[in-house]
Amino acid sequence: MADLYGRLLDWRRSEAGGRGLAKLPSDFYALARSYLAEARRTFEAELRENPGGRKGELARQTHQRASQLARDIAESRMNKVLTSAYQAAVGGARELPNAVAEERELFDRLVETLRKHRQDATPYLEGMPSGGAPVGPAPTAPPPRAGPAAAAAAPPPAEAELPRVAFVRVLRSSPPLEIAGETIELRAEDLLSLPPEVARILVEGRVAERVDAPDLDGRAH
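Notes on the structure in this doc start here. What you see is a predicted model, and the numbers here were worked out from it, not measured in a lab.

How each quantity is defined
- Residues numbered from 1 in each chain as written.
- Predicted model: local features only at pLDDT ≥ 70, side-chain atom pairs only at ≥ 80, totals over all residues.
- Heavy atoms only, no water.
- Helix = DSSP H or I, 4+ residues; strand = E, 2+ residues; numbered from the N terminus.
- Buried < 20%, exposed > 50% of the residue type's maximum accessible area, 1.4 Å probe, protein only.
- Contact = heavy atoms within 4.5 Å.
- Areas by Shrake-Rupley, 256 points an atom, 1.4 Å probe, with all protein chains shown as cover.
- Core = buried A, V, L, I, M, F, W, Y, C linked by side-chain atoms within 4.5 Å.
- Polar contact = N/O pair within 3.5 Å; in protein donor to acceptor, adjacent residues only side chain to side chain.
- Expected span 1.5 Å × (residues − 1).
- Phe/Tyr/Trp six-rings, centres within 6.5 Å; stacked < 30°, edge-to-face > 60°.

Broken down by element type, the chain carries six helices and five strands. The N-to-C order of helical and strand elements in the chain reads α-α-α-α-α-β-β-β-β-α-β. The buried share of the chain, reckoned over its 221 residues, is 29%. Across the chain, the fraction of contacts at a sequence separation of at least 24, relative to all contacts at a separation of at least 6, is 60%. Per element, the accessible surface of the chain, about 14,700 Å² overall, is 56% carbon and sulfur.

Below, the discussion takes up the environment of D190. Structurally, D190 can be placed in the loop between β3 (182-186) and β4 (191-194). When the C-alpha positions of D190 and S173 are compared, they lie 9.0 Å apart, and in sequence the two are 17 residues distant. Not counting residues within four places of it along the chain, the set of residues in contact with D190 comprises V168, R169 and V170.

At N98, a position not held by glycine, the phi torsion is positive, near 70°. Note that N98 resides in the loop between α3 (54-89) and α4 (101-121).

Turning our eyes to something else, we now look at the nonpolar core. With 16 residues, the main nonpolar core has L4, L8, W11, F28, Y35 and I73 as its most contacted residues. Going through the elements one at a time, α1 (4-16), α2 (28-49) and α3 are the ones with two or more residues in this core. With six residues, the single largest contributor to this core is α2. Beyond its immediate chain neighbours, meaning those up to four positions away, W11 contacts L4, L24, P25, F28, L31 and I73. Judged by nonpolar contacts, the second largest core, of eleven residues, contains V168, V170, L186 and L194.

Here we take up the side chain of T122. Examined against the element boundaries, T122 turns out to sit in the loop between α4 and α5 (148-152). Within polar-contact distance, the side chain of T122 engages the backbone oxygen of R118 at 2.9 Å.

Bringing α3 into the picture now. Here α3 contains 36 residues, and its C-alpha end-to-end distance of 52 Å stays within 8% of the 52 Å for a straight helix at 1.5 Å per residue. At the exit of α3 stands G91, carrying a positive phi of roughly 120°.

A separate point is the packing of aromatic side chains. With the rule as written, the count across this model stands at two aromatic pairs. Pairing W11 with F28 gives two aromatic rings, centres 5.5 Å apart and planes at 80°, and the pair type is edge-to-face. Linking W11 in helix α1 with F28 in helix α2, this pair joins segments that are 17 residues apart in sequence. With respect to class, W11 is no different from F28; both count as buried. Seen from their ring centres, F28 and Y29 are 4.9 Å apart, and the 70° between their planes marks the pair as edge-to-face. The pair F28 / Y29 is uniform in exposure class, with both members buried. One aromatic cluster is present, formed by W11, F28 and Y29 through successive ring pairs.

What follows is the structure in structure tokens.
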């Protein structure tokens, strides 16, 4: 495992360079645990043999730096798994490319936990359009005016109900997501017109932010 320190450096660089999970060996976590345990045994043995020796201090620093590299990789990947699990729980795809077995298991548990929480604690979020009518008594129509003119007047036609949409600005690019029966391709800074429920899901997932209705030139007002 002498060369694993250099591989940890390469893996952390790859992990930090992309939004998705970088490709790692399928036994990454076992390799990291074994390497760090061996590095700890090495520096502890060196320090027992020669507490003030340079060799022991170098071994201690190697263990400390390798531990930080492994921690950076693991925490970055856990954050990506959590983000993907949330998107899957609210209707996104359940794909998780380059996940190793431990991460896939974590992902599946998170998706089910988030879905159950959503169903149990917030059932009103399922299929509910964004916004709603104000709370209060329904307005009543004014009494008809007396006289022949009022009798001849036809009631005003009901306004045609326009389809409700919400406008969002995409904060970060994402692989195509299937949300509420629609497949949406997200690119950072895109301004999208979406059904309110779809827009709400993206905003809750911090993938997009709401904006006011845009002018014809594409700028929000």
